Amino acid sequence: MTPSHFHEGQLIGVLTAQPLGRVLDYKAPEGGCFLGAFVEVPLGPRKVLGVVWQVGAGDYDYAKVRSVIRVLDVAPMRDEMRSFLTRAADYTLTPLDQMLRLATRAPGLGDAPGMRKVYRLGDAEPTRLTDARTRVIEVLRDYGGLSFTGKELADMAGVGTSVVKGLAKQGVVREEDAPRDVPYPLLDADYGGKTLTEDQEAGAAVLRDGIKAQTYGTTLLKGVTGSGKTEVYLEAVAECLRQGRQALVLLPEIALTGEFLDRVEARFGARPAEWHSGVTQTERRRVWRMIGQGDAQMVVGARSALFLPYQNLGLIVVDEEHDTSYKQEDGVLYNARDMAVLRAAGVGAQVVLASATPSLESWANVEAGKYRRLNLTSRFGDAVMPTMRAIDMRAEDLPGGKWVSPSLRVAIQDRIDKGEQSLIFLNRRGYAPVTLCRACGHQIGCDHCDARMVEHRFLKRLMCHQCGETKPMPTVCPHCEAEDRLSAVGPGVERMGEEVTELFPDARVVVLSSDLYGSARAMKAHIAEIAAGGADIIIGTQLVAKGHNFPNLTLVGVIDADLGLQGSDLRAAERTFQLMRQVAGRAGRAEKPGEALLQTYQPEHAVIQATIAGDEEAFWSAEAAERKAAGVPPYGRMAGIVLSSTNVQEVFDLGTAMARQDAPLRRIGAQVFGPAPAPIARIRGRHRVRLLVKAEKGAPLQQALADWAAQFKLRGELRMAIDIDPQSF
Ligand code: ADP
Ligand code: ZN
């Protein structure tokens, strides 16, 4: 057994976040150190962060082993976390140092907290009281002796921070220094609960029992938007609060956090900690430390919040569990949904996977008896699914370069006449996906990627959606130099905006697309304004499919329902089904039933039919049967190996060699396909080639992949990334 404490001079193995491929030996510092302690160690001329991982290997001359510089002032990493990182590394075939990097994404996490200014009520009598000043004073009186940061106080009073500073100058408000790492305000489990329905209560009871008993279990919580899923899992959060355990809620989109935080505040009387890319460095550090000390009860965040150092985790919620953004596609390739289950299983926590259109993976796990399933059927917020219908585009009379069919046009006009809103959905950002030269046929592509440049007329530029590169819109064809012959081909949301404005000149038309906003906040504010009635016709991308409520919206028109069905991806059907159902769900409420119209050239296609019928069980069964027959996830195992290099010959040569020397794979009965150009064949100047490996469900795929990959040396520019359970296959 590994000792939990090491005395001075004893050999310890320290894991750092550096790509060394091994745990290094050091001597424990003066005063010794604990297993799991965060330490600073010398590495060459540098000082780096590390974690005391194990007993030293002792394979170096003791005299030459260097000492730990210092032990950092944070809670040591728990055994559970070390074992989670190890298992996650094994599963994703990622080096342990990269996993540690994910777990230490808080700058200066071991430094003593800095100071910051806080404000409380002072003694001076206020003079020249404006409304704004009065509000600040009232807030401070309401909260007795409590102090707040200038921003908190200003937000609560609904004024600018300058008002607070002005009062501080007069001494009406007192300014003080306080340590930066203040604990989060206490959440109160019984602050604002609702009476649950029978369905909801049944689900909540199971979760509560699991949390009390500290046992692991995963529940698939299924129900359309508005059926009360959030209410159920907030009950589970409440139980965590009562039991002194921590709760994590993962959301797929930062843009949804604000609304959710308001809801948590209404339920528990205070805001939880937040963790995502929009959180400042200082705040990150605070969240990280407070979670480790148990001074944050609840975290709302993005997938990386799974790697925070929870002291006593009782619940992980994965909201919209089917969302593809849970799969990280850069760096460490992991799926947050699967990692949530892994993490929870290790600590005896409950997992809730919430969705209106669950992933086939989760559905299969329910079938296999691994997950519980809870269906919410009754509806709150009076949302109902709209009636759905296909518009057969082959029968519509539509001039070239136009996309709104006469049938859809009639339906929109009808809503305008009734004073209701319509949503036109097209999952394509920008003005037009292709810019074509009418003289020579050249299509403008990205210089670094195998992708077309997309015209963004609003930004007056061409943009590559793979690498983000932009360039000014040329007036001359870069290929044949013909002047003024470049033309836009195909629709993007901006172009739809033009067409719709032409069709309905008196209607208020808005285009909602993430790249039209400077910040998530600006976008949120605009969406709220639109929901309140600030537009007649909304044209939007996937962004509008997620979360937001438009109470007066009664029509959804999908411009190209076939878009997601093109290509050979076996998950295309599932994605299209989920997206179409989700978008359609934006329309309609009990007193104003909605309608969803899907423009399609293949109305008889099974996926379009299933979407319209809304028969999820039937869709899933059919999908499951197909995947079973093909032996692909969730009924078989897959891995993608992406090789990349600036030299195209080099990648193909290695790919071919790998496909040939596949003995380790054949030993477990796995097959290898490829090499073929990866789904994106070139990104940022690097050519990419993919091999796909397919194995049976129970096969030891990771070990075989590791043995297989170990046969090849990656020279020079070559890189290899292994993607277990790839998103597309
Ligand atoms: P979902 O997460 O499935 O979209 P929500 O939990 O957001 O659904 O519920 C939709 C609306 O109905 C919310 O405004 C919520 O407060 C309300 N609601 C849900 N359950 C209840 C309940 N048992 N009593 C009263 N209101 C409820
Ligand atoms: Zn590019």
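Since we're looking at a predicted model, the values are computed, not measured.

Rules used in this analysis
- As a convention, each chain's residues are numbered from 1 in the sequence order in which they are written.
- In the order they appear in the text, chains get letters beginning with A and ligands get numbers beginning with 1.
- Two thresholds apply to this predicted model, a pLDDT of at least 70 for residue-level local features and 80 or more for giving and counting side-chain atom pairs, whereas whole-chain, interface and lining totals are computed over all residues.
- Only DSSP runs of H or I reaching four residues or more are called helices, and only runs of E reaching two or more are called strands; each is numbered from the N terminus.
- Values of the radius of gyration come from C-alpha atoms, whereas the globule rule sets the reference at 2.2 Å times the count of residues to the power 0.38.
- C-beta atoms are placed from the backbone for every residue, and two residues are taken to be in contact when these atoms lie within 7 Å.
- In this scheme, strands are said to pair when DSSP sees at least two bridges between them.
- Geometry is summarised by axes, namely lines fitted to C-alpha atoms with helices restricted to the contacting stretch, and by angles between N-to-C directions that run from 0 to 180 degrees.
- Put plainly, a residue is buried at 20 or more neighbouring C-beta atoms within 10 Å of its own, exposed at 12 or fewer, and partly exposed in between, counting only other residues' C-beta atoms, which are placed from the backbone.
- Taking the helix axis as origin, the arc is that swept by the directions to the C-beta atoms.
- UniProt positions are given in the numbering used here, feature names are shortened, and annotations may be inferred rather than shown by experiment.
- Relative orientations are named as follows: roughly parallel for angles under 35 degrees, roughly antiparallel for angles over 145 degrees, roughly perpendicular for angles from 65 to 115 degrees, and oblique for any other angle.
- By definition, any crossing whose near helix is turned counterclockwise from its far helix by less than a right angle is left-handed, and any crossing with a clockwise turn is right-handed.
- Ten residue types, Ala, Val, Leu, Ile, Met, Phe, Trp, Tyr, Cys and Pro, are classed as nonpolar, four, Asp, Glu, Lys and Arg, as charged, and the remainder, Gly among them, as polar.
- What pLDDT expresses is the predictor's confidence in each residue, scored from 0 to 100.
- One less than the residue count of a helix, multiplied by 1.5 Å, gives the span that helix is expected to have.

A. View of the overall build of the protein chain. Along the backbone of the protein chain there are 20 helices and 32 strands. Taken over C-alpha atoms, the radius of gyration comes to 28 Å for the protein chain, in line with the 27 Å a tight globule of 729 residues would show. Overall, the C-alpha framework of the protein chain stretches about 85 × 80 × 60 Å when taken along its three principal axes. Here the analysis covers contacts within the protein chain between residues at least 6 apart in sequence; of these, 74% occur between residues at least 24 apart.

B. Inspection of the sheet that holds strand S32 (residues 719–724) at higher detail. With respect to topology, four strands assemble into an open sheet ordered S30-S31-S29-S32, the strand pairing being antiparallel. What marks the edges here is a single partner per strand, and that holds for strand S30 (671–683) and S32. The sheet shows a mean angle of 25° between the axes of neighbouring strands, taken without regard to direction.

C. The arrangement of helix H2 (residues 96–103) in detail. Within H2, the full set of buried residues consists of Leu-96, Met-99, Leu-100, Leu-102 and Ala-103. Looking straight down H2, one finds that the buried residues subtend no more than 155° of arc, so they occupy a single side. Tucked into the core, H2 has its buried residues touching strand S2 (11–16), strand S6 (46–55) and helix H1 (79–92).

D. The arrangement of the sheet that holds strand S22 (residues 461–464) in detail. Reading across the sheet, the three strands line up as S21-S22-S23 and stay open at both edges, with antiparallel pairing between neighbours. Looking at the sheet topology across the chains shown, the edges are occupied by strand S21 (453–456) and strand S23 (470–472). Within this sheet the neighbouring strands show an average axis-to-axis angle of 30°, counted without direction. In the sheet, S21 pairs with S22 via four bridges, with the strands oriented antiparallel. Each bridged residue has a counterpart across the sheet, and for Val-454 the counterpart in S22 is Met-463.

E. Inspection of the UniProt feature "binding site: Zn(2+) 2" (unreviewed entry) in the protein chain at higher detail. The residues that UniProt annotates with the feature "binding site: Zn(2+) 2" (unreviewed entry) are Cys-446, Cys-449, Cys-464 and Cys-467. Over a stretch of 22 residues, the named residues converge on one spot in the fold, their C-alpha atoms separated by at most 8.7 Å. Structurally, Cys-464 can be placed in strand S22. Residues within four places of Cys-464 in sequence aside, it is in contact with Cys-446, Cys-449, Ala-451, Met-453 and Glu-469. With respect to the helices, strands and loops of the structure, Cys-467 is situated in the loop between S22 and S23. Residue class for Cys-467 comes out partly exposed when judged on the 17 C-beta atoms lying within 10 Å of it. Ignoring any residue separated from it by four or fewer positions in sequence, one finds Cys-467 in contact with Cys-446, His-448, Cys-449, Ile-683 and Arg-684.

F. The arrangement of the UniProt feature "domain: Helicase ATP-binding" (unreviewed entry) in the protein chain in detail. The UniProt record marks residues 210–376 with the feature "domain: Helicase ATP-binding" (unreviewed entry), using the residue numbering of this structure. In residues 210–376, the share of helix is 38% and the share of strand is 21%. The end C-alpha atoms are 20 Å apart.

G. The arrangement of the environment of Glu-481 in detail. If you trace the backbone, Glu-481 turns up in the loop between S23 and strand S24 (486–489). Judged by the 11 C-beta atoms lying within 10 Å of it, Glu-481 falls in the exposed class.

H. Representation of the environment of Arg-682. Summarising the element assignment, Arg-682 is placed in strand S30. Judged by C-beta crowding, with 22 C-beta atoms within 10 Å, Arg-682 ranks as buried. In contact with Arg-682, other than residues within four places in its own chain, are Cys-449, Asp-450, His-687 and Arg-688.

I. Region of the structure containing the pairing of S30. Two elements, S30 and strand S31 (residues 686–696), share seven bridges in a ladder whose sense is antiparallel. Counted as the bridge partner of Ala-676 is Arg-690 from S31. Linking two consecutive strands that pair antiparallel, namely S30 and S31, is a turn of two residues; a positive phi of about 50° is found at Arg-684 within it.

J. Region of the structure containing the packing of H1 against H2. Here H1 crosses H2 at 130°, and the two axes come no closer than 9 Å. Between H1 and H2, the crossing angle belongs to the class labelled oblique. Crossing hand, H1 versus H2: right-handed. Of the residues in H2, those touching H1 at Met-81, Leu-85, Thr-86, Ala-88 and Ala-89 are Leu-96, Met-99, Leu-100 and Ala-103. Here the contact of H1 with H2 is composed, by residue class, of eight nonpolar, one polar and no charged.

K. Spatial organisation of the confidence of the model for the protein chain. Taken residue by residue, the protein chain gives an average pLDDT of 89. The fraction at 70 or more is 96%. The secondary structure element of the protein chain with the lowest average pLDDT is helix H14 (residues 520–534), at 81, and the one with the highest is strand S12 (residues 246–250), at 98. Scoring the predicted complex yields pTM 0.84 and, for the interface, ipTM 0.96.

L. Spotlight on unusual backbone geometry. Pro-634 follows Pro-633 through a cis peptide bond whose omega is 5°. Along the chain, the position of Pro-634 falls in the loop between helix H17 (616–630) and strand S29 (636–645). A cis amide bond links Gly-674 to the next residue, Pro-675, at an omega of 10°. Locating Pro-675 in the fold gives a position in strand S30. Of note in the backbone geometry, Glu-481 takes a positive phi value of approximately 65° without being a glycine. A positive phi angle, close to 50°, is found at Asp-484, a residue other than glycine. Tracing the chain through its elements places Asp-484 in the loop between S23 and S24.

M. Up close: helix H12 (residues 406–418). Between its first and last C-alpha atoms H12 spans 19 Å; for 13 residues at 1.5 Å apiece the expected length is 18 Å, and the two agree. Where H12 is buried, its residues touch strand S18 (387–392), strand S19 (421–425), strand S26 (537–540), strand S27 (553–558) and strand S28 (595–600). Directly after H12, the chain includes Gly-419, whose backbone phi takes a positive value near 75°.

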